[in-house]
Amino acid sequence: MLVNLDLHIHSRYSMAVSGDMELGQIAKGAAHKGVKIVGTGDCLHPLWLESIKKLPEDDGLRRQGDTLFLLSVEVEDSRRVHHLILLPDTGKAEELAEGFSPHSGNLHQDGRPRLHMSGAQIADLVFEAEGLIGPAHAFTPWTGMYAYHRSLSECYQEKADRIRFIELGLSADSDYADRIAELSDKTFLSNSDAHSPRTNKLAREFNQMEVEGCSYQEIALAICREKGRGPTLNAGFFPGEGKYNRTACTRCFHHFSAKEMNDLMGRCSHCQGQIKLGVADRIDLLADYEGPQHPSHRPPYLHLIPLAEIIALALGYKSPMTVGVQRLYAAMTEDKTEIEVLLNEHLGELEAAKVEPKVIRAIEAFRNGGVEVLPGGGGKYGEIRLLASKKAGGEREPQRSLFDF
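Residues numbered from 1 in each chain as written. Predicted model: local features only at pLDDT ≥ 70, side-chain atom pairs only at ≥ 80, totals over all residues. Heavy atoms only, no water.

Draft legend 1. Molecular detail of the packing of helix α2 (residues 46-53) against helix α3 (residues 90-100). At a minimum axis distance of 11 Å, the contact between α2 and α3 shows a crossing angle of 170°. Between α2 and α3, the angle is such that the two are roughly antiparallel. Where α2 approaches α3, its residues Leu49, Ile52 and Lys53 are matched on the opposing element by Thr90, Ala93 and Glu94. Here the contact of α2 with α3 is built from residues that sort into three nonpolar, one polar and two charged. (Axes fitted to C-alpha atoms, helices over the stretch in contact; angles between N-to-C directions. Helix = DSSP H or I, 4+ residues; strand = E, 2+ residues; numbered from the N terminus. Parallel < 35°, antiparallel > 145°, perpendicular 65-115°, else oblique. Contact = heavy atoms within 4.5 Å. Nonpolar A, V, L, I, M, F, W, Y, C, P; charged D, E, K, R; others polar.)

Draft legend 2. The arrangement of the side chain of Arg282 in detail. Here Arg282 lies in helix α10 (residues 279-286). Glu154 is the oppositely charged side chain nearest to the buried, salt-bridge-free Arg282, at an N-O distance of 6.9 Å. Aside from chain neighbours lying at most four places away, what touches Arg282 is Tyr146, Ala147, His149, Arg150 and Leu277. (Buried < 20%, exposed > 50% of the residue type's maximum accessible area, 1.4 Å probe, protein only. Lys, Arg positive; Asp, Glu negative; His and termini not counted. Salt bridge = Lys/Arg side-chain N within 4 Å of Asp/Glu carboxyl O.)

Draft legend 3. Inspection of the environment of Trp48 at higher detail. Along the polypeptide, Trp48 turns up in helix α2. Given the relative accessible area of 0%, Trp48 is considered buried. Between the alpha carbons of Trp48 and Leu183 there is a distance of 33 Å; along the sequence they are 135 residues apart. If sequence neighbours within four positions are ignored, Trp48 has contacts with Ser11, Tyr13, Met21, Glu22, Leu23, Ile26, Thr40, Gly41, Asp42 and Cys43. Here Thr40 takes part through its backbone oxygen, which lies 3.1 Å from a polar atom of the side chain of Trp48. (Polar contact = N/O pair within 3.5 Å; in protein donor to acceptor, adjacent residues only side chain to side chain.)

Draft legend 4. Layout of the nonpolar core. Within the largest apolar cluster, 93 residues are counted, with the highest numbers of intra-cluster contacts made by Leu44, Ile85, Phe100, Phe139 and Met332. In terms of residue count, helix α11 (residues 307-315) provides more of this core than any other element does, seven residues in total. When near neighbours in sequence (up to four residues on either side) are disregarded, Met332 contacts Leu307, Ile311, Val341, Leu350, Val355, Val359 and Ile363. Residues Leu86, Ala136, Met209 and Ala222 belong to the second largest nonpolar core, which totals 22 residues. (Core = buried A, V, L, I, M, F, W, Y, C linked by side-chain atoms within 4.5 Å.)

Draft legend 5. Representation of α2 in the model. Within the sequence span of α2, burial applies to Trp48, Leu49 and Ile52. The buried residues of α2 all sit within an arc of 100° when viewed along its axis, so they share a single face. (Arc of directions from axis to C-beta.)

Draft legend 6. Representation of the side chain of His8. When you line up the elements, His8 lands in the loop between β1 (2-6) and α1 (23-33). In this structure the side chain of His8 is engaged in a polar contact, spanning 3.1 Å, whose partner is the side chain of Glu74.

Draft legend 7. The arrangement of the pairing of strand β5 (residues 67-70) in detail. Of the two faces of β5, the one holding Thr67 and Phe69 and the one holding Leu68 and Leu70 are both buried throughout. Pairing geometry for strand β4 (residues 61-64) and β5, over three bridges, is antiparallel. Within β5, the residue paired with Arg62 across the bridge is Phe69. Where β4 hands over to β5, the hairpin turn is made up of two residues, of which Gly65 adopts a positive phi near 65°. (Pairing = 2+ DSSP bridges.)

Draft legend 8. Representation of the sheet that holds strand β7 (residues 82-86) within the structure. Strand order in the open sheet made by the three strands is β6-β7-β8, with antiparallel pairing throughout. Looking at the sheet topology across the chains shown, the edges are occupied by β6 (72-76) and β8 (132-135). Here the average twist between neighbouring strands, direction ignored, is 25°. Relative to β7, β6 runs antiparallel, the two being bridged by five bridges. Within β7, the position partnered with Val73 by the bridge is Ile85. Packed on one face of the sheet, helix α8 (residues 216-224) meets β7 and β8 and runs near 45° to β8.

Draft legend 9. Region of the structure containing the pattern of salt bridges. In this structure the tally under the stated criterion is 21 salt bridges. Close ionic contact of Lys33 with Glu338 constitutes a salt bridge, the shortest N to O distance being 3.0 Å. Note that Lys33 is positioned in helix α1 and Glu338 in helix α13 (residues 338-343), a separation of 305 residues in sequence. Its relative accessible area of 4% is what places Lys33 among the buried residues. One salt-bridge network, held together by shared partners, links Glu50, Lys53 and Glu94.

Draft legend 10. Local environment of the packing of α3 against helix α4 (residues 119-128). At a closest axis distance of 9 Å, the pairing of α3 and α4 adopts a crossing angle of 150°. What the angle tells us is that α3 and α4 run roughly antiparallel. The crossing of α3 and α4 is right-handed. Contacts from Lys92, Glu95, Leu96, Gly99 and Phe100 of α3 reach α4 at Ile122, Leu125, Val126 and Glu128. The class makeup of the residues in the contact of α3 with α4 is five nonpolar, one polar and three charged. (Left-handed = near helix turned anticlockwise from the far one by under 90°.)

Draft legend 11. Just the sheet that holds β5, in detail. Pairing is mixed across the open sheet formed by eight strands, whose spatial order is β3-β4-β5-β2-β1-β11-β12-β15. If you trace the sheet from one side to the other, it starts and ends with β3 (57-58) and β15 (301-303), each paired once. Two elements, strand β12 (residues 230-236) and β15, share three bridges in a ladder whose sense is parallel. Bridged to Ala235 within β15 is Leu302. The strands touched by α1 are β2 (37-39), β4 and β5; relative to β5, the strand with the most contacts, the crossing angle is about 120°.

Draft legend 12. Spatial organisation of helix α12 (residues 323-332). Burial in α12 covers these residues: Gly324, Val325, Leu328, Tyr329 and Met332. Projected down its long axis, α12 shows its buried positions confined to an angular sector of 130°, all on one face. Turned more than 90 degrees away from the buried face of α12, the exposed residues are Val323, Arg327 and Ala331.

As structure tokens, then:
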């Protein structure tokens, strides 16, 4: 069976996270999107763990309605590197929290705790707790593993061979990561890192996996690609849409080349703000190959735009959270999940349902690859533009935004 999963989110107990990130709201949002299994996030936080324990247990997962939760947490090590941890049950979460407790000053205050430990030391305790660990958003310039280390072995030392996955993050995809030779045997995860249950945040990136049932052990087998289980799809952002894709100033967001950043000693020539090396340039520095070398086990990567954002682009709204967008989104997803509407529903069915024609043309443009990305950088998201459909014979019509449709 195929299941969709988003294994990295946060609860309301993490800093800068919406108070709406409660289990019920998350479960409702995930079901609406078409994602069956969601990481709990923050499972070492005592209050959040107590909430999780109140849900019925189902083969190592916790059930809320039609949504299953897999215990997960993101932690920060002594080098500021973030790690994603997946655990088999609440007892192991309590065991890991006890092991981390002497090494953290905020384990009970922040759902994403800081640990005075190296990546290898953290991995030691995770493996003792029978969990899985890998670098979270591995390439991002502030807290990604490759921002501080040139290799997995530099970060995890002798434990590197036991690292089974890396999380790509919003600014990278499989084409980026498969330019690095050491990652050829790792599973790539694409997760949302959602701080809000909004329709354009939760499951904005997700994974599809082949499993024989819904349990922690089945998901672990799929991540490890064992016994016929494994990932069948990564879905997520166009890398340029990520807010750290290009090298840019963190104050005025002006873009620079990596050479310009070095020549300027990391200070913006326009406003004297700090220039941060972008994921695209960092990949160039780390790459073993000029282009991606995908191993045979690597599933396709599907670039997505959340449906609410497509509606907003089509109708000229500035935000996907405006009332008009959300009203139409709710109507379009009343009987189908967002993923089904975005990828599978026949356009004729949308016409029959009297969906706004501009929105239908926008979905058609997205499906046909009519996407232009103005890359983000320095902490500012990139901009997506949807273009008119291709003419017969494959030639694209003159480029224009959906506001002209």
